[in-house]
Amino acid sequence: VSVMIRTKDRPVPLTRALNSLAKQTYPYIEVNCFNDGGDAVDEIFDGFSFPRVNIVNNRESIGRAAAANALLEMASGEFCIFLDDDDEFDPNHIETLVSAARRNPNVKAVYSGVRVGGSAKLETYNYSYDPALLRYGNFIPIHAVLFSRKLIDSCRFDESLPMYEDWDFWLQVSQVTSMLHVDAITATYHIHGNSGAGHSGIKAEERKWKLRIYEKWLSKCSPEQFEQTFKVIEQNSNSSWFFNSDFTK
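Residues numbered from 1 in each chain as written. Predicted model: local features only at pLDDT ≥ 70, side-chain atom pairs only at ≥ 80, totals over all residues. Heavy atoms only, no water.

(A) Region of the structure containing the overall build of the chain. Counting secondary structure elements, the chain contains 8 helices and 9 strands. Burial statistics for the chain: of 249 residues in total, 52% are counted as buried. Of the contacts formed within the chain by residues at least 6 apart in sequence, a portion of 78% connects residues at least 24 apart. (Helix = DSSP H or I, 4+ residues; strand = E, 2+ residues; numbered from the N terminus. Buried < 20%, exposed > 50% of the residue type's maximum accessible area, 1.4 Å probe, protein only. Contact = heavy atoms within 4.5 Å.)

(B) Just the pairing of strand β2 (residues 30-36), in detail. For β2, the buried fraction is high: 7 of the 7 residues fall into the buried class. Residues E30, N32, F34 and D36 point to one face of β2 and V31, C33 and N35 to the other, with burial holding for every one of them. For strand β1 (residues 2-7) and β2, the ladder comprises 6 bridges, and the chain directions are parallel. Within the sheet, the bridge partner assigned to M4 lies in β2 and is N32. Crossover β1 to β2 through helix α1 (residues 11-22) is right-handed. In this sheet, strand β3 (residues 52-58) lies alongside β2 in parallel orientation, the contact comprising 7 bridges. By the bridge assignment for β3, D36 is matched with N58. (Pairing = 2+ DSSP bridges. Right-handed = clockwise from strand over helix to strand, strands pointing away.)

(C) Looking closely at the nonpolar core. Core analysis: the biggest nonpolar cluster contains 74 residues, and V3, L21, F147 and W170 have the highest contact counts within it. The contacts of L21, once residues within four sequence positions are left out, are V3, I5, I29, V31, F50, L83, F89 and I94. (Core = buried A, V, L, I, M, F, W, Y, C linked by side-chain atoms within 4.5 Å.)

(D) Just the packing of aromatic side chains, in detail. As enumerated under the stated definition, the model contains 13 aromatic pairs in all. In textbook terms, an aromatic cluster arises when at least three aromatic residues are bridged by ring pairs, as seen for F82, F147, F157, F169 and W170. Above the face of the Y136 ring, K210 is positioned so that its terminal group lies 5.1 Å from the ring centre. If you follow K220 out to its NZ or CZ, it ends over the ring of W217, 5.8 Å from the centre. (Phe/Tyr/Trp six-rings, centres within 6.5 Å; stacked < 30°, edge-to-face > 60°. Lys NZ or Arg CZ within 6 Å of the ring centre and 35° of its normal.)

(E) Inspection of the pattern of salt bridges at higher detail. Summed over all chains, the structure comprises 13 salt bridges. In this structure, D84 engages R6 in a salt bridge whose closest nitrogen and oxygen atoms are separated by 3.0 Å. One end of the pair, D84, is in the loop between β4 (79-82) and β5 (88-89); the other, R6, is in strand β1, with 78 residues separating them in the sequence. Each member of the pair, D84 as well as R6, carries the same accessibility label: buried. Between E165 and R64 there is a salt bridge whose closest N-O contact spans 2.6 Å. Of this pair, E165 sits in helix α6 (residues 165-176) while R64 sits in helix α3 (residues 64-74); the two residues are 101 residues apart in sequence, bridging distant segments of the chain. (Salt bridge = Lys/Arg side-chain N within 4 Å of Asp/Glu carboxyl O.)

(F) Representation of helix α4 (residues 93-103). Of all the positions in α4, only H93, I94, L97, V98, A100 and A101 are classed as buried. Along the axis of α4, the buried positions cluster into a sector of 160 degrees, meaning they face one direction only. (Arc of directions from axis to C-beta.)

(G) Representation of unusual backbone geometry within the structure. Phi at D9 is positive, roughly 55 degrees, even though this residue is not glycine. Mapped onto the secondary structure, D9 falls in the loop between β1 and α1. For Y164, which is not glycine, the phi torsion reads 60 degrees and is therefore positive. Position of Y164 relative to the elements: it lies in the loop between β8 (145-148) and α6. When its relative accessible area of 2% is taken as the criterion, Y164 is described as buried.

(H) Structural view of α6. With 12 residues, α6 ought to run about 16 Å at 1.5 Å a step, and its terminal C-alpha atoms sit 17 Å apart, in line with that. Counted residue by residue, α6 has 10 buried out of 12 residues, so it is predominantly covered. All of the buried residues along α6 are E165, D166, W167, D168, F169, W170, L171, Q172, V173 and S174. (Expected span 1.5 Å × (residues − 1).)

(I) Region of interest: the packing of α6 against helix α7 (residues 203-218). Two elements in contact, α6 and α7, have axes separated by 11 Å at closest approach and are oriented at 25 degrees. Put simply, α6 runs roughly parallel to α7. For the element pair α6 and α7, the recorded crossing hand is right-handed. Here α6 contributes W167, D168, L171, Q172 and Q175 to the contact with α7, which in turn contributes K210, I213, Y214, K216 and W217. (Axes fitted to C-alpha atoms, helices over the stretch in contact; angles between N-to-C directions. Parallel < 35°, antiparallel > 145°, perpendicular 65-115°, else oblique. Left-handed = near helix turned anticlockwise from the far one by under 90°.)

(J) Broad picture of the side chain of R6. Overall, the relative accessible area of 8% leaves R6 in the buried class. Setting aside residues no more than four positions away along its own chain, R6 makes contact with F34, R64, A65, A67, A68, L71, L83, D84, D85, I142 and E165.

Structure (structure tokens):
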């Protein structure tokens, strides 16, 4: 499994994330880190004994989506999973997802539930897979998903997006494969002052880029797919998820 970490000048959260990675019960892990224009992170990694580590300390920032694409290029494992520097895995996170992937070889992406830490209205993201609902909004945190490296051939992060790049990526994945939901909470998504889910000051900017996602996918979805999305919105209009769904970092 290739674990892909984006980081920039957050040594304390990065250390916490690496601690969670060091506790994984699944042993066959490659750690790839793309430092997007921040201070070098090599000394932080020196405190850990991962079997395989690849670090790129990029001199200048290239942005979240480009950093994610750079990590996809670095990955060599059969499976890939992201771990942003301010999030955490439970010890069984990777093992749980690999086991599910092995039991369902026809599915190229599996994901589990994620608890929310910090100031947020939702306590968990743990929803069954529904591509119609995914077209409405993102309900799958980036580090919840283990996916086959084969998907890299057809799915890449849109580098024109400064936020919601993970949502767009999962929409691409949904065109290639179904995504299997494992009904278990095995990771933590931390809300902090710069996270969209916890910072009302950037709501207008979030809406701008959410509309950009809709504009992009208008030409890629069939009328039947839009009909399915309208139906799922109607069916779930009273759900708390619809009022608290947007998250970005």
